[in-house]
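Coordinates in review
As a plain string of letters, each chain reads:
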Amino acid sequence: MATTPAQQHPDAALIRDWALYGPRDPEIATLVERLAIEKQMRLDEIEKLIVETLIRALSDQS
């Protein structure tokens, strides 16, 4: 079986676990909660913001 770039990454196992267990940094959950409460944002809006920010970060690397 061929090795993918993600499997070669030193954090490959942590990256795979992300979808199951969520972020390891509790500040992320705290910030999500603050956005929901202080800005009255829905979780789907916050997730969209996260996705857009990650896409922008990937684009900036090119």
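The structure reproduced in this document is the subject of the present report. (Residues numbered from 1 in each chain as written. Predicted model: local features only at pLDDT ≥ 70, side-chain atom pairs only at ≥ 80, totals over all residues. Heavy atoms only, no water.)

**As for the packing of helix 3 (residues 26-38) against helix 4 (residues 43-61)**
Close contact between helix 3 and helix 4 brings their axes to 10 Å; oriented N to C, the two are set at 130°. In terms of orientation, helix 3 lies oblique with respect to helix 4. In this structure, helix 3 crosses over helix 4, and the sense of that crossing is right-handed. Facing V32, L35 and A36 of helix 3, the residues of helix 4 in contact are L43, I46, L49 and I50. Classifying every residue of the contact of helix 3 with helix 4 by side-chain character gives 7 nonpolar, no polar and no charged. (Axes fitted to C-alpha atoms, helices over the stretch in contact; angles between N-to-C directions. Helix = DSSP H or I, 4+ residues; strand = E, 2+ residues; numbered from the N terminus. Parallel < 35°, antiparallel > 145°, perpendicular 65-115°, else oblique. Left-handed = near helix turned anticlockwise from the far one by under 90°. Contact = heavy atoms within 4.5 Å. Nonpolar A, V, L, I, M, F, W, Y, C, P; charged D, E, K, R; others polar.)

All quantities given are derived from atomic positions and should not be read as evidence of function.
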